Amino acid sequence: MLTRLPIILLISNLILSGCGESGKSENSKPAPGSAPGSTIRPIKVDLNVYTPGTIPSGIGKPVEQADHLAHEWEELHPGKKILYQQVVSTGGGEGEWLKTQLIGGIAPEIIHQNAEIAWQDVDKGWYIPLDEYMEKPNPYIPGNQRWIESFKNQDLVNAKKAPDGKLYCISIDIVETGLYYNKDMLRSLGVDSMPRTWTEMETQFKKIREQGVTPMTTAIMGLGSDWGQDILFEMIYHDILPDMDLVPSSADSVGYLGHYLEPREAGYLFTKGFFTRRDPRWREMNRILYEWRQHWPMELKNSDTARLFLTGRIPILWDSSFLIRRLATDPYLNFEWGVAYIPTLTTETCRYASGTPATVIGGAAIQLHITNSARINNNLEDCIDFLMYLSTPQAVERLASEALIFIPNIKGAEMSPELKPFDEIFQRRYCAIKWLESMSGQYKKQWRRMLDLYLNDGMSLDEFLKVLEDNFRAWVEEHRNEPGWDFAGMDPVWQEHKDRLQKEIEQSL
Amino acid sequence: MIDRNSDQPMHEHALSPTRSLRRRKRPPGSPPLAVIYALLFLPLGFLFVFNYIPAVSALYHAFTDWDVGAQSHWVGLKNFFELSRDPVFLQSLYNLLRLGIFVLVANLSVPFIVAEMIFHLRSEQWRFACRAALVLPMVVPGVVTFMIWRYIYSDAGILTELLTFLGLQDWVRGWLSQPKTALWAVACVGFPFAYGVNVLIYYAGLANISSDVLEAAEVDGLGKVGRIFLIHVPLVLQQFRLLLIMTVIGIVNGFEGVFILTEDGGPGYETLVPGLYMYQNGFTYQRMGYACAIGLLMLLFLLCFTLTLNRYFLTEKYQPARETV
């Protein structure tokens, strides 16, 4: 009998554990006020950097405000439970892990996801449209009539509407980029102030390089090249953008988007010769980008570019407001620093330069979506209610102040003084297009790959433009017959602007 | 190679284990058969659900057009025809070939040399210490190793610092960013390639060589080098074959190194391998049918390779008894 005892115990254990609640933890115990013995299915929430336990920018104590907010909400709603769960981020940036969860209907009910990535899957019913809720009052904000009105920059929120015209996320805060600079190091290199024009920058950077120092680095994984082309594009095309904007932005987002080119507009313009080897501005944009890259570190795959800046190896870092927390709280930082922005491109560098200030490329930071899990688990209304609770001025201010990386986008929520420079930068115009976010799937990847190759001397400018053209063509061919693209609808506006626009292309022939 | 307690050649015992088990009496006090089967059912069930069903599903979906989350449509051999003309896939095969040759040579030769050196040490304590030293790095997860190498290659990394210190600034470059160096930078991860497992497997083979054989070789006047090539190498072919199969499977299936070092197989497609391309098609481009087709091709290649190796690369131990007796 003794020899059988371990086997009997093992089997009993397996049976008992199989009968028990899976994944039972402290977080899933009955909430106060709930019926004894009742099982609560918690609402799973991912708030990205605000998720309790996260250490934004890798410094300081883990954030916990979201936990307090969840407890407060639970007390207001006896029997309801919030369970935070961090969404796994994969290197590709496309949310591969999340997609598998969404397919299975087991993703957290509330998640952060870049809206442009979510747009690719809205037709699959993975995300819940929030439009009707935006028109309802937020009961946690006294006097609020429509939820959308509680947002400081409503156009920015509406700009996240998917191509199907529906809004699938709310943007409770704003992120912007800037040039962090090490004043002490620049001074020692003979540079007293940050450049205001592109030409000044080139001169300064050459001077710095002559002293064996790399002048500038950019945030993670070659993002600088993506950002760079978006900013350069606007400065080079600025003068003809009103004509190129064949489909005006909708009234509820025009204040933010201005003459923003939608993917279908870019596709249409491509069929007319823009963004090809025939387009002289396009060539200039990519030429300048390559020249700029020569001032960046050799290893663009280096994911710890901030370290190069923080350790005083490189004097300028182009990064997002995310880094403020580190700079503001790092006790070991031993240099004076400031925040500036990309200099203005002038005709000294490029004959097409408008001379207007560089636009911003940031925007919505945490973009909260409700997933199909809410429908499957029958807790959609609770999810909406929790989102409304999270988007009150007090809640957002607490989240943002603690994390110290993003600017609140809710009326009445105060911002930390350290973020003021980014708020000032954000007052500029938004860029005319986010190129890689406009492209879908493999076309976006192809572009980024080839850009990477081109900037690392893997191909010439002509070869790069040819590859881009092929990629563009394939992308347009795939989408041009989609109802949302409606090339025929853009024809009349093109005819109106044709004379001015065609001249741009023909002058290069 | 005759079992002295039996009239049967040894290999027949080896080839018919079930027959001997069936005849064996169950020892007293062993648990009831029902319990054993019940316990066996659990792992087999998991194996079936998590290994076999997905594999069969992938086999079917290789012939479909399947956007993740949507309905799949049967397209026959379309995915395979497309693959045969897909320049990216062909480039990934080319990369795999170059990477594979380098890794095979490094992973199979260096550990053998190291095993030989340890085998020739006179002191048993030193042999043990060397083996232990080689095994210790195995506790470091592979992902961490790749992360460390990524740092080594960075602008502030050891390699750059070392070259600068030696006055070789001109040699410094973006190892993972430059098209000319990226693939070789990936291949060189793990330098000096003295992988603990491989060394131990070779060492086990060397340690198993009968002292009679070694003494006979010495008596016959074979020098150290002669002994290595004429005695050691032929007698560790079994280990070599095992390592060859394991390494090839690892090379063909693996993409985690490339994924961590260059993320997308860049710059351009310079470090893309079929495994990563399969992953990207499945989860980034959401072309799961196409990804399954790549997976099926990889499976077929590995199956053919292993079968061919088993068929034509037989070592003495597995030769029919009449030839070896």
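Residues numbered from 1 in each chain as written. Chains lettered and ligands numbered in written order. Predicted model: local features only at pLDDT ≥ 70, side-chain atom pairs only at ≥ 80, totals over all residues. Heavy atoms only, no water.

### Thoughts on the nonpolar core
Going by this rule: Residues enter a nonpolar core if they are buried and are Ala, Val, Leu, Ile, Met, Phe, Trp, Tyr or Cys, with the set joined through side-chain atoms within 4.5 Å. For the exposure calls, accessible area comes from a 1.4 Å probe over protein chains only, and a residue counts as buried if that area is under 20% of its type's maximum, exposed if over 50%, partly exposed in between. The helix count covers DSSP runs of H or I at least four residues long, the strand count covers runs of E at least two residues long, and both are numbered beginning at the N terminus. It only takes one pair of heavy atoms within 4.5 Å for two residues to be counted as in contact.
Ranked by size, the top nonpolar core spans 171 residues in total, and within it F233(A), M244(A), F275(A), W282(A) and W292(A) carry the most contacts. With 11 residues, helix α5 (residues 87-119) of chain B is the single largest residue contributor to this core. The residues touching M244(A), leaving out its near neighbours within four places in the chain, are F233(A), Y237(A), L261(A), E265(A), L269(A), F274(A), F275(A) and L501(A). Core analysis: the next-biggest nonpolar cluster, separate from the first, contains 46 residues, V157(A), I170(A), L390(A) and A403(A) among them.

### Overview of the sheet that holds strand β7 (residues 216-218) of chain A
Residues and elements named next belong to chain A. Quick reminder of the rule: When DSSP locates at least two bridges between a pair of strands, those strands are taken to pair. A fitted line through C-alpha atoms represents every axis, and for helices the fit uses only the stretch in contact; the resulting angles, taken between N-to-C directions, go from 0 to 180 degrees.
With mixed pairing, the four strands of this open sheet are ordered in space as β7-β8-β6-β9. Whereas interior strands pair on both sides, the edge strands pair on one side only; in this sheet they are β7 and β9 (337-340). Here the average twist between neighbouring strands, direction ignored, is 25°. Here five bridges tie strand β6 (residues 177-182) to strand β8 (residues 316-320), and the two strands are oriented antiparallel to one another.

### A word on the pairing of β9(A)
Residue and element names in this part refer to chain A. Side chains G338 and A340 project from β9 onto a buried face, and the interleaved W337 and V339 project onto a face without burial. For β6 and β9, the ladder comprises four bridges, and the chain directions are antiparallel. By the bridge assignment for β9, N182 is matched with W337.

### Examining the pattern of salt bridges
Residue and element names in this part refer to chain A. The criterion, for reference: For this analysis, a salt bridge means a side-chain nitrogen from Lys or Arg found within 4 Å of a carboxyl oxygen belonging to Asp or Glu.
Following the criterion strictly, the structure yields 33 salt bridges over all chains and no others. When the shortest N-O distance is used, the salt bridge between E72 and R398 registers 2.9 Å. Within this pair, whereas E72 is found in helix α2 (residues 65-76), its partner R398 is found in helix α18 (residues 393-403), the two being separated by 326 residues in sequence. Taking relative accessible area as the criterion, E72 reaches 27% and is therefore assigned partly exposed. One network of salt bridges, with partners in common, ties together R277, K466, E469, D470 and R473.

### Observations concerning the side chain of T181(B)
All names here are of chain B. Note that T181 resides in the loop between α8 (158-165) and α9 (182-187). What makes T181 buried here is its relative accessible area of 16%. Setting aside anything within four residues of it in sequence, one finds T181 in contact with R173, G174 and W175.

### Examining the interface of chain A and chain B
Selection rule: Throughout, the accessible surface (probe 1.4 Å) given up by two parts as they are put together, summed over both, is called the buried area. As a working rule, the residues Ala, Val, Leu, Ile, Met, Phe, Trp, Tyr, Cys and Pro are called nonpolar, Asp, Glu, Lys and Arg charged, and the rest polar, with Gly in that last group.
Each partner contributes residues to the interface: chain A has 39 residues there, and chain B has 43 residues. Across the interface of chain A and chain B, roughly 3,400 Å² is buried in total on both sides, 56% from carbon and sulfur atoms. The interface formed by chain A and chain B holds two salt bridges in total. Here K124(A) and D67(B) are joined by a salt bridge, their closest N and O atoms 3.2 Å apart. Elements that contribute at least two residues to the side of chain A that touches chain B include exactly α1 (5-19), α3 (96-104), α14 (305-310) and α21 (441-455) of chain A. Counting residues per element, the side of chain A that touches chain B draws most heavily on α21(A), which supplies eight residues. In the side of chain A that touches chain B, the residues fall into 13 nonpolar, 13 polar and 13 charged.

### What about the side chain of H112(A)?
Residue and element names in this part refer to chain A. This is how the line gets drawn: As used in this structure description, the phrase polar contact means that two N or O atoms lie within 3.5 Å; if the pair is within protein, one of them must be able to donate a hydrogen and the other to accept it, and residues adjacent in sequence are counted only when both atoms belong to side chains.
As for its placement among the helices and strands, H112 is situated in strand β3 (residues 110-112). Judged by relative accessible area, H112 falls into the buried class, the value being 14%. A polar contact of 3.0 Å, which involves the side chain of H112, links it to the backbone nitrogen of Q367. If we ignore the near neighbours within four places in the chain, the residues touching H112 are D46, N48, A365, I366, Q367 and L368.

### Some remarks on the confidence of the model for chain B
Residue and element names in this part refer to chain B. Let me state the cut-off plainly: For every residue, the pLDDT score states the predictor's confidence, bounded by 0 at the bottom and 100 at the top.
Scored by pLDDT, chain B comes out at a mean of 84, with 89% of its residues at no less than 70. Ranking the helices and strands of chain B by mean pLDDT puts helix α4 (residues 78-85) first, with 94, and helix α17 (residues 321-324) last, with 39. With pLDDT under 50 throughout, residues 1-17 is counted as low confidence; its partners more than four residues away or in other chains account for 10 contacts. Within the model, the stretch residues 318-325 combines pLDDT values under 50 with eight contacts to residues more than four positions away or in other chains.

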